[in-house]
Amino acid sequence: MAKNVKEGGLIKESQNITPILEVNGLSTSFLTATGEIKAVRDVSFSLYKGEVLAVVGESGCGKSVTARSVLRLIEPPGYIKSGQVLLNGVNLLNLSENEMRRIRGAEISMVFQDPMISFDPVYTVGQQFTEALLAHKRISRYEAKQKALHMLSAVSLREPERVFKSYPFQLSGGMRQRVMIAIALAMDPQVLIADEPTTALDVTVQSGILTELRRLNKEIGCAIILITHDLGVVAELADRVAVMYAGRIVETGSVYDIFDHAQHPYTRALLASTNPAKEDGWLITIPGQPPVMASLPPGCSFAGRCPEASGLCVHSEPKLYPETSEHRVSCWHTQSEERKIAGA
Ligand SMILES: Nc1ncnc2c1ncn2[C@@H]1O[C@H](COP(=O)(O)OP(=O)(O)OP(=O)(O)O)[C@@H](O)[C@H]1O
Ligand code: SF4
Ligand SMILES: [Mg+2]
C-alpha cells in the first residue's frame, strides 16, 4: 500500500519519547450466569502524541470494552481484573472516582458508538455543550458559548447558532455525531477515543466526519484511538493498528505492516474479507464463528477457524511476538522453533 508510515512506537521509545497513554496487561471480565466472559484479555498498547491507533476486529471481540476500561466505565457484573492504564505515567486504575471524573472528558474524551445515548433529550445541544465545558474548564458561560459555537463550525456544521439551540432529536444522525466530536474536542483532550464514529451514517456523511477527525488530529495534535469495522477508514486515517480477536490483540503494527505484511491468519482473513464494493465497507466472510467468550478453548482462540492450525495451536495459546518489534503477532506459525517447543 502506498502510504507514508509515521514513526513507529519503537522508534519513539528509542528517542525517549514517552507515550501519552500506555495500557499494560489489561483484563476485563463480566461475571454472568453462564460463566466468566473474559471480554478483554491481557491487552497492552501505547499511544503517542498526534498518533491514530485503529482497533479492529469482528463484533464482540472486545473493542468497546477495552475503550470503556481505559475510562473505567465498566459496570457490574463487569470489572477490571488486572493491568495498568497509564496516562502520562499515572495509573488511572488507582485513582478515586472523583479524580477519574476529572480525567473523563477533559484528558480523555470519548465519542460513543451511539451518539443518542450520550445526549439528554430534554436539554438543547447548546445547554449540554456549555455545561460540559463549564464542568471542566475555568471559563465564563459567555466564553463557553463562544467556544461551543467555534467548535460546532470547526466540525463543519453549518449554522452553528441553529445547531446550538436545537434539541438532539431535531438533528440528523450525522449532525449529532459531529456535535459529539465537537464536544469531545472542545475539551482539548490529550486522547480522543472514537468508538465506531461513523457506523450507521451514510457514506458521504462518514467521509465528512473522518475528514474532520483527521484535520483536527493534525491541527490539535491529540492522539486518537479509532475503533472501526471499516478497513478502508483504517488505511486512510491510522498510523498503527491493533487487530483484536476473542478479547486479545492478535496482531499489531504500523498500517503498512498490517496491510502489506499481515502475518496472523485472522488478519489476513479480515483483509481478504473486505469488499470495497459494499456500501458498509466491510463484509465479514470469514468462515466459522468466534469462540463463546464464556468458555474459551485452552489454545489459540482462532484455532477452530484457522486453516493453518496444528496440534500445538489447540493446546497452547501463543503470545504476541517478538516483544522487541513494533510489528507483533500472536501465532505459533510466526514463532521460532525454540518458542514452539517451549510452548508445547
Ligand atoms: N454488560 C455486559 N455483560 C456481559 N457481557 C458483556 C457486557 N458488555 C460486553 N460484554 C461482552 O464482552 C464482549 C466484548 O464486547 P464489546 O462490546 O467490547 O465488543 P465489540 O468488539 O465492541 O463489538 P462491536 O463491534 O459489536 O461493537 C462480548 O462478548 C460481549 O458480549
Ligand atoms: S496459532 Fe495456530 S490456530 Fe492460531 S492463528 Fe496461528 S496457526 Fe492459526
Ligand atoms: Mg463496540
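Residues numbered from 1 in each chain as written. Chains lettered and ligands numbered in written order. Predicted model: local features only at pLDDT ≥ 70, side-chain atom pairs only at ≥ 80, totals over all residues. Heavy atoms only, no water.

## Quick word on the sheet that holds strand β1 (residues 21-32)
Selection rule: Should DSSP find at least two bridges between two strands, the strands are taken to pair. Only runs of H or I of at least four residues qualify as helices and only runs of E of at least two qualify as strands under DSSP, and these elements are numbered from the N terminus. A contact between two residues is defined here by any heavy atoms of the two lying within 4.5 Å. Only the stretch in contact is used when a helix axis is fitted, and all axes are lines through C-alpha atoms; the angle between N-to-C directions ranges over 0 to 180 degrees.
If you walk across this open sheet you meet the 4 strands as β2-β1-β4-β5, and the pairing is antiparallel. A strand with exactly one partner marks an edge of an open sheet, and here the two such strands are β2 (35-47) and β5 (90-91). Here β1 runs beside strand β4 (residues 78-87); their pairing, made up of 8 bridges, is antiparallel. Bridge assignment links S29 to a residue of β4, and that residue is Y79. Taken strand by strand, helix α2 (residues 63-70) contacts β1, β2 and β4, and its axis lies near 115° from that of β1.

## Observations regarding the packing of aromatic side chains
Spelled out, the test is: Any pair of Phe, Tyr and Trp rings, taking the six-membered ring for Trp, is counted once the centres come within 6.5 Å. Such a pair is stacked with planes under 30 degrees apart, edge-to-face with planes over 60 apart, and tilted for the rest. Per-residue accessibility, obtained with a 1.4 Å probe over protein chains only, is compared with the maximum for each type, and a residue is labelled buried under 20%, exposed over 50%, and partly exposed between these values.
Inspection of every chain in the model, using the stated rule, returns 4 aromatic pairs. Taken together, a centroid distance of 5.1 Å and an interplanar angle of 80° make the contact between Y245 and F302 edge-to-face. Of this pair, Y245 sits in strand β9 (residues 240-245) while F302 sits in the loop between α12 (265-273) and α13 (311-315); the two residues are 57 residues apart in sequence, bridging distant segments of the chain. When sorted by exposure, Y245 lands in the same class as F302, which is buried. An aromatic cluster is built from Y245, Y266 and F302, whose rings are joined through pairwise contacts.

## Remarks on the site of ligand 2
Selection criterion: One heavy atom within 4 Å of a molecule or strand is enough for the residue carrying it to be called near that molecule or strand. Each residue gets one label: Ala, Val, Leu, Ile, Met, Phe, Trp, Tyr, Cys and Pro are nonpolar, Asp, Glu, Lys and Arg are charged, and the others, such as Gly, are polar.
The local shell around ligand 2 holds 13 residues, among which C300, C306, C313, C331 and W332 are the closest. Classifying every residue of the shell around ligand 2 gives 10 nonpolar, 2 polar and 1 charged.

## Quick word on the packing of helix α6 (residues 141-154) against helix α8 (residues 173-186)
To keep it simple, the criterion reads: Note that the term roughly parallel is reserved for angles under 35 degrees, roughly antiparallel for angles over 145, roughly perpendicular for angles of 65 to 115, and oblique for everything else. Handedness of a crossing follows from how the near helix is turned relative to the far one, being left-handed for an anticlockwise turn of less than a right angle and right-handed for a clockwise one.
Contact pair α6 / α8: the axes reach a minimum separation of 9 Å and the direction vectors enclose 125°. Accordingly, the angle class assigned to the pair α6 and α8 is oblique. Viewed along their axes, α6 and α8 form a crossing whose handedness is right-handed. In this structure, α6 contributes K147, M151 and L152 to the contact, and α8 contributes V179, A182, L185 and A186. Residues of the contact of α6 with α8, tallied by class, amount to 6 nonpolar, no polar and 1 charged.

## Remarks on the pattern of salt bridges
The line we're drawing: Note on definitions: salt bridges are taken to be side-chain nitrogens of Lys or Arg within 4 Å of carboxyl oxygens of Asp or Glu.
Under the definition given, this model contains 16 salt bridges. Where R240 meets E51, a salt bridge forms, and the shortest distance between an N and an O atom there is 2.7 Å. Of this pair, R240 sits in strand β9 while E51 sits in the loop between β2 and β3 (52-56), placing them 189 residues apart in sequence. Across the salt bridge formed by E97 and R101, the nearest N and O atoms sit 4.0 Å from each other.

## Quick notes on the layout of surface pockets
Heads up, the condition is: In this analysis a 1.4 Å probe is tested at points of a 1 Å grid over the protein atoms alone, and where it fits but cannot get out there is a cavity; an open set with protein on both sides within 12 Å along at least five of seven lines is a pocket; lining residues have an atom within 4 Å of a point. Grid points are joined across faces, edges and corners, and a volume is the space filled by probe spheres set on the points. Segmentation into domains, and thus their bounds, comes from an automatic or database assignment.
Looking at the largest pocket, its volume works out to about 550 Å³. Of all the elements, helix α5 (residues 125-136) adds the most residues to the lining of the largest pocket, at 4 residues. Counting residues domain by domain, the lining of the largest pocket receives three or more from each of domain 1 (9-107 + 189-289) and domain 2 (119-187).

## Here we look at the site of ligand 1
Stated formally: Polar contact is defined as a pair of N or O atoms within 3.5 Å, subject to the rule that within protein one atom must be able to donate a hydrogen and the other to accept it, and that residues adjacent in sequence are counted only when both atoms are side-chain atoms. Note on areas: Shrake-Rupley with a 1.4 Å probe; residue coverage comes only from the protein chains shown.
Among the 15 residues in the neighbourhood of ligand 1, the closest are listed as S59, G60, K63, S64 and V65. Between ligand 1 and the protein, one listed contact pairs an oxygen atom with a side-chain N or O atom of S59 at 2.4 Å. Take G60: an N or O atom from its main chain is 2.8 Å from an oxygen atom of ligand 1. Protein coverage of the free-state accessible area of ligand 1, which is 630 Å², stands at 68%. Looking at the shell around ligand 1, the element that brings in the most residues is α2, giving 3 residues. Of the residues assigned to the shell around ligand 1, the class counts are 6 nonpolar, 6 polar and 3 charged.

## A closer look at the sheet that holds strand β7 (residues 191-195)
If you walk across this open sheet you meet the 7 strands as β6-β7-β8-β3-β9-β10-β11, and the pairing is mixed. Unpaired on one side and paired on the other, β6 (108-111) and β11 (328-329) mark the two borders of the sheet. As defined by bridge partners, β3 adjoins β9 across 4 bridges and the pair is classed as parallel. Among the inter-strand pairings, L53 is bridged to a residue of β9, identified as R240. Packing of α12 onto the sheet brings it into contact with β3, β9 and β10 (248-254), and relative to β9 it is tilted by some 105°.

## Looking at the nonpolar core
Put simply, the test is: Here the nonpolar core consists of buried residues drawn from Ala, Val, Leu, Ile, Met, Phe, Trp, Tyr and Cys, with membership extended through side-chain atoms lying within 4.5 Å.
With 96 residues, the main nonpolar core has L21, F45, I108, F129, V179 and I193 as its most contacted residues. Here this core gathers at least three residues from each of two domains, domain 1 (9-107 + 189-289) and domain 2 (119-187). Non-local contacts of V179, meaning those with residues more than four positions away in its chain, are made with F119, V125, L152, L157, V163 and L171.

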